[in-house]
Amino acid sequence: MSASGAQAKHKYLVVPLNAGDPSRRSREQLLLTRKDVDLKLLNFMDGKDVPLETWLDCCMVSLESGSLDVFAKFTEKTAEVAQSRWRGRESNYLRIKALCCLGDMYVEQSRVVEDGVKKRELTNAANKAYFDAQRIDPKEMLPHIGIGEVAWITGNVSVARKEFQVAQRSRSNGRRSVAGHLALGRLEYASKNFSKALEWYRKALRECPECPSEVRAAIGACHFSLGNMKKARQAFERALELNPRCIIALIGIGIVDLSSGENGAMNLLRAYQQDPENPYAAILVSEYTMGQGMFEVSLQFAELALERIPLDDVGSRAEINGLIGRLYHAKGDIDNAIEYYKKAIKMDKASSRAARLGLAQLSTAKRDFVQAGNLFQSLMQEYPAWVDIATHFGPLI
């Protein structure tokens, strides 16, 4: 969830001109479609007395349309307009939203940049935008969400948690908001504190019963991770009642079915069909098709997921690399299997249990008994109840 929280849901975008002159404003308006929100429109609006709300709407429309270059230009210009032309108490919140929108843009750019120096420049720029927003009104919630996001993606989880906790006690434009609750839920879930995550999602739902269906789906994910399949299914089903196209709920029910020995393939495929850009749906379809022996199809989905997964989601990227390694392993392509297994382990050892076992097996096959023995030994120490380890370690002792 972005810090700005702005949305442009309408089919058409109205651009009022001469906003500072009420006598002329009603006569001079542009009625645009989403496709019209481009750099030509930005150049046209620049210098005209267009309301700040309209600048923010253009930012959101360009983001929702996937026009990231246009979004970047509109966000920068919106922040500039907010700072230079709009002053006074009544416009403070809009100025804060504009700056947070700029910060959001830098955060999203930093997620897809591999170069460490460039990533640091982007996160620093995001922090500057959020702190500039905070100086306008230190009690406003939005900057705390943004500062917390930057702390999180740069590895400072304790600072992220502190900022989100402040956010959940704060107000947005004078009104209560559950954005801080949801941010804490995401953080605790990612930290594998599933009970705490569940508490925050439940609190958000109690305070805001009209929350999007994804919040109920997140509650289902917490129950699933805690091993309560019945409550997980109930939460996912309720989310789908509210929104039949809820991707998280479709994926969730598919996983619950598969973990219970039932066929959850249809829900996974529905999730992917509804959102082909969703890398997490692609991962699950890849795992399912691999289980069916459809290795080439599975490899296509896994590679697709790897292209689209955020760079800062290291655990999932490690999991996909391990999955690709298993697929090459199953096909008998040993060199590629070893390459992807090693990538997975290097990225995130904790998410690469299967990759470590696969690499140990291949090391045994290549008669590298030292590496195989070290891998098996470390796995047995960490997962003493994992039967697969003992089965494969047996021939070495």
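Above this text is the structure in question.
Right, let's walk through the structure included here. Each residue is numbered by its place in its chain's sequence as written, counting from 1. The predicted origin of the model limits local features to residues at a pLDDT of at least 70 and limits the giving and counting of side-chain atom pairs to 80 or more, whereas totals for whole chains, interfaces and linings rest on all residues. As a rule here, side-chain values come from all non-hydrogen atoms in the structure, and water together with hydrogens is ignored.

## Focus: the environment of Arg-270
- To qualify as a helix, a DSSP run of H or I must reach at least 4 residues; to qualify as a strand, a run of E must reach at least 2; elements of each kind are numbered from the N terminus. Position of Arg-270 among the secondary structure elements: in helix 14 (residues 265–274).
- Residue classification places Arg-270 among the partly exposed positions, given a relative accessible area of 34%.
- Any pair of residues with heavy atoms lying within 4.5 Å of one another is described as a contacting pair. In this structure, Arg-270 is in contact with Pro-244 and Leu-250, ignoring residues within four places of it in sequence. Residue exposure (1.4 Å probe, protein chains only): buried if accessible area is under 20% of the type maximum, exposed if over 50%, otherwise partly exposed.

## Some details on the packing of aromatic side chains
- Put simply, two rings from Phe, Tyr or Trp (the six-membered ring, in Trp's case) pair if the centres are within 6.5 Å, and we call them stacked under 30 degrees between planes, edge-to-face over 60, tilted for the rest. Using the criterion set out here, one finds four aromatic pairs in the structure.
- The interplanar angle of 55 degrees and the centroid separation of 6.0 Å between the aromatic rings of Trp-55 and Phe-74 together place this pair among those described as tilted. Of the two residues, Trp-55 is situated in helix 3 (residues 52–64) and Phe-74 in helix 4 (residues 68–85); the sequence distance between them amounts to 19 residues.
- Relative accessible area serves as the criterion here: at 0%, Trp-55 is assigned to the buried category.
- Measuring from ring centre to ring centre gives 6.3 Å for Trp-152 and Phe-164, while their planes differ by 75 degrees; the resulting arrangement is edge-to-face. One end of the pair, Trp-152, is in helix 7 (residues 141–153); the other, Phe-164, is in helix 8 (residues 157–169), with 12 residues separating them in the sequence.
- Residue class for Phe-164 comes out buried when judged on its relative accessible area of 0%.
- Charge over a ring is defined by NZ of Lys or CZ of Arg lying within 6 Å of the ring centre and within 35 degrees of the ring normal. Over the ring of Tyr-340 we find Lys-343, and its NZ or CZ is 4.6 Å from the ring centre.

## Remarks on the pattern of salt bridges
- The rule for a salt bridge is simple: a side-chain nitrogen of Lys or Arg has to be within 4 Å of a carboxyl oxygen of Asp or Glu. Across all of its chains, the model carries 12 salt bridges by this definition.
- Across the pair Glu-149 and Arg-111 runs a salt bridge whose closest N-O atoms are separated by 3.5 Å. You can see Glu-149 sitting in helix 7 and its partner Arg-111 sitting in helix 5 (residues 92–111), a full 38 residues away along the chain.
- Judged by relative accessible area, which is 16%, Arg-111 ranks as buried.
- The closest approach of N and O atoms between Glu-339 and Lys-343, which form a salt bridge, is 3.4 Å. Separated by four residues within a single helix, Glu-339 and Lys-343 lie in helix 18 (residues 334–347), roughly one turn from each other.
- Connected via shared salt-bridge partners are Glu-108, Arg-111, Glu-149 and Arg-186.

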